[in-house]
Amino acid sequence: MKLVVMKFGGTSVQDAEAIGRTASIVQGRIQGDQRPVVVVSAMSKVTDQLLAAAKAAGCGDRGGALEISSRLRQRHLDTAGKLLSPARLRQFEPAVHEHFEALDEILRGLSAVGELTPRTNDMVVSYGERISSLLVTEAFLERGIPAVHVDARKCIITDNQYGKAIPNDALIEARCSEHLRPLADQGQIAVMGGFIGSTPEGVTTTLGRGGSDFTGALIGGALHAEAIEIWTDVNGIMTTDPRVCPDALRVKTISFEEAAELAYFGAKVLHPATILPAVEKNIPVLVLNSHNPGNEGTRITAMAPHCRSPFKSIAVKRRLTIVDLVASRMLMSHGYLHAIFEVFDRHKCAVDMVSTSEVSVSLTVDSNERLPEIAADLSKLADVKYEGQKALICMVGGNIRGQNGIAAQVFHAVRHVNVRMISQGASEINMSFMIDEEDADEAVRSLHAAFFTDPDPVATQALQLSADALYSRLDQ
Ligand code: ADP
Ligand code: ASP
Ligand code: MG
């Protein structure tokens, strides 16, 4: 019997209809002699709303925070009402109330103190996955799936970097063997929330936005699964974000290396850290569409087949800031870059791209509330200027290597746009450049038209969506 980890994103559990579809997909797998372990996100937009509630409470807005929580409580109760029989609903409702009572208690406490710490923020947002996973378990049981709810915090053990905690692989493997393996062996379907974890002492943590994909991969790695499936609302990894470019095509197969690059540079379809646990154990990752389960999706494997197109996909990372440093007094001195990076390191601020000249260094970073402090520290080393609202366009493909004239084609396609920084990574599978954020959509569409109008059928396949489905997605 094949063990597969199936992770369903927020859109695959967003309402009763979506949860029903998810249940049918899982049921199909069980009948096909597979043993799924199911990881679910919070219902779509719930994490955003919980973050807003935490923020309101932290600013002392008790009423605002409790109102958000009350709307969320109602949404979960309404969805449960549509999915469950009256008897099961009666049994389940107290669990929903219990969770929201506990959440309200925390929000009241936060607004009384008027202070939100990363630790309490994680505690608040964890409720999204805690409740969605309970609801999905009940919906599965209602449909005859032998589901068992597992609190993800028992399995995903992390350090205490709240908001972006680092998983402890050895402990996760031990906990998965203890809590998940026996269920799979007995033919039961474990259902757990993604995104959340806990420290070894039991304090709730989260893995960063979009982190349910990461949970799926961690569980898949720990259980040596046959495959990790990421179920979402598009037909797989596409040649670019279909919301920006509706004629995006499905990428059939992509290498781990290419997918990791795309995810890191903003392709929201996959969390950047997802690939690593799978690569380490050579487990294939599939990206599939819960609205169109018959579609074969995208397969992410160690090596992708050769194709003639130079690029597989175009990603955009938005809300970036360029930091320019000029220091003629540093001319020819060594240790200068070290001193600069030490400042970013101290502020735990990741740098995406760097370009240097004799006296100047330009870097790009995620727009970050700590930039004024970082700039103040950097100003001890150089004259500092920073400018926000930038976007990084990243063209990814294993075939860039050794092809002549690619850069000329890329920059010809965006000749009407002001390009600020250019980089071709040492990995030779990515070509990136920085532009103003307001030009990003237009640049992506021009690049897509230039590189994907005559795609290699080995690599891509046209989006198969009805016009209605497409437009309803674009309206979201
Ligand atoms: P989920 O709720 O399933 O985690 P996300 O919203 O996190 O879904 O990710 C899916 C979305 O990612 C798609 O709806 C699409 O708009 C966006 N996206 C961005 N880049 C790409 C890409 N290259 N391929 C597919 N989807 C992409
Ligand atoms: N619910 C979390 C988020 O919205 C994690 C996830 O969906 O992957 O970021
Ligand atoms: Mg996601």
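It should be noted that the structure appears before, not after, this text.
Now for a look at the structure at hand.

## Looking at the overall build of the chain
If you tally the helices and strands in the chain, you get 15 helices and 18 strands. Taken over the C-alpha trace, the chain has a radius of gyration of 23 Å; the compact-globule value for 476 residues is 23 Å, and the two agree within 12%. Overall, the chain is about 75 × 55 × 45 Å in size when its C-alpha atoms are taken along their principal axes. Here the chain holds 476 residues, and the buried ones make up 53% of them. Total accessible area computed for the chain in this model is approximately 20,600 Å², and 50% of it derives from carbon and sulfur atoms. Across the chain, the 47 positively charged side chains and the 57 negatively charged ones have centroids separated by 2 Å.

## Remarks on helix α3 (residues 62-83)
Compared with an ideal rise of 1.5 Å per residue, which puts 22 residues at 32 Å, α3 spans 32 Å between its outermost C-alpha atoms and is within 8% of the ideal. Residues of α3 that are buried: A65, L66, I68, S69, L72, R73, H76, L77, T79, A80 and L83. The secondary structure elements touched by the buried residues of α3 are α1 (16-31), α2 (46-58), α4 (86-113) and α5 (118-142).

## Description of the layout of surface pockets
Reported here for the second largest pocket is a volume of approximately 260 Å³. As for the second largest pocket, its lining consists of 14 residues, of which D169, L218, L276, P277 and E280 are closest to the centre. Secondary structure elements with two or more residues in the lining of the second largest pocket: α6 (169-179), α8 (212-222) and α10 (275-281). Its residues assigned to classes, the lining of the second largest pocket shows 9 nonpolar, 1 polar and 4 charged.

## Observations regarding the site of ligand 1
Taken together, 19 residues sit near ligand 1, with T232, D233, M238, D241 and R243 positioned nearest. D241 has a polar side-chain atom sitting 2.8 Å from an oxygen atom of ligand 1. K268 places a polar side-chain atom, nitrogen or oxygen, 3.0 Å from an oxygen atom of ligand 1. With the chains in place, 91% of the 580 Å² that ligand 1 exposes on its own is no longer accessible. A breakdown of the residues in the shell around ligand 1 according to their chemical character gives 7 nonpolar, 7 polar and 5 charged.

## Focus on the environment of V361
Within the element layout of this structure, V361 appears in strand β14 (residues 360-366). The spatial distance from the C-alpha of V361 to the C-alpha of V326 is 6.6 Å, given a sequence separation of 35 residues. Excluding anything up to four places from it in sequence, V361 contacts V323, D324, L325, Y336, L337, I340, V354, S355 and T356.

## Quick notes on the sheet that holds strand β13 (residues 351-356)
In spatial order, the strands read β13-β14-β12-β15-β17-β16; together these 6 strands make up an open sheet with antiparallel pairing. In this open sheet, the two strands that pair with only one neighbour each are β13 and β16 (421-424). Each neighbouring strand pair of the sheet contributes to a mean axis angle of 30°, computed without reference to strand direction. Pairing between strand β15 (residues 383-396) and strand β17 (residues 430-436): 7 bridges, direction antiparallel. Among the inter-strand pairings, M395 is bridged to a residue of β17, identified as M431.

## As for the sheet that holds strand β3 (residues 147-149)
The strand order across the open sheet formed by 8 strands is β3-β4-β2-β1-β7-β10-β11-β9, and the pairing between neighbours is mixed. Either end of the sheet is taken by a strand with one partner, and the two such strands are β3 and β9 (253-255). For this sheet the average axis-to-axis angle between neighbouring strands, irrespective of direction, equals 25°. Direction of pairing for strand β1 (residues 2-8) relative to strand β2 (residues 34-40): parallel, over a ladder of 7 bridges. Across the sheet, the residue bridging to V5 is V37, located in β2. Relative to β3, α5 is tilted by about 160°, and along the sheet it contacts β2, β3 and β4 (189-193).

## Remarks on the nonpolar core
Among the nonpolar cores identified, the biggest contains 75 residues, and F8, F140, L180 and I219 are the most heavily contacted of them. In terms of residue count, the dominant contributor to this core is α5 (9 residues). Aside from chain neighbours lying at most four places away, what touches L180 is V37, V150, C155, R175, A190, M192, I219 and L223. The next biggest cluster of nonpolar side chains, apart from the first, holds 28 residues, and it includes A259, L262, A278 and C394.

## Brief notes about the pairing of β17
Consecutive side chains along a regular strand alternate between the two faces of the sheet. Across the 7 residues that make up β17, a large majority, 6, are buried. Relative to β17, β16 runs antiparallel, the two sharing 4 bridges. Bridged to I422 within β17 is F433.

Reading guide: rules and limits
Residues numbered from 1 in each chain as written. Chains lettered and ligands numbered in written order. Predicted model: local features only at pLDDT ≥ 70, side-chain atom pairs only at ≥ 80, totals over all residues. Heavy atoms only, no water. Helix = DSSP H or I, 4+ residues; strand = E, 2+ residues; numbered from the N terminus. Rg over C-alpha atoms; globule rule 2.2 N^0.38 Å. Buried < 20%, exposed > 50% of the residue type's maximum accessible area, 1.4 Å probe, protein only. Areas by Shrake-Rupley, 256 points an atom, 1.4 Å probe, with all protein chains shown as cover. Lys, Arg positive; Asp, Glu negative; His and termini not counted. Charge placed at Lys NZ, Arg CZ, Asp CG, Glu CD. Expected span 1.5 Å × (residues − 1). Contact = heavy atoms within 4.5 Å. 1 Å grid on protein atoms, 1.4 Å probe; cavity = no way out; pocket = protein on both sides within 12 Å on 5 of 7 lines; lining within 4 Å. Points joined across faces, edges and corners; volume = space filled by probe spheres on them. Nonpolar A, V, L, I, M, F, W, Y, C, P; charged D, E, K, R; others polar. Near = heavy atom within 4 Å. Polar contact = N/O pair within 3.5 Å; in protein donor to acceptor, adjacent residues only side chain to side chain. Pairing = 2+ DSSP bridges. Axes fitted to C-alpha atoms, helices over the stretch in contact; angles between N-to-C directions. Core = buried A, V, L, I, M, F, W, Y, C linked by side-chain atoms within 4.5 Å.

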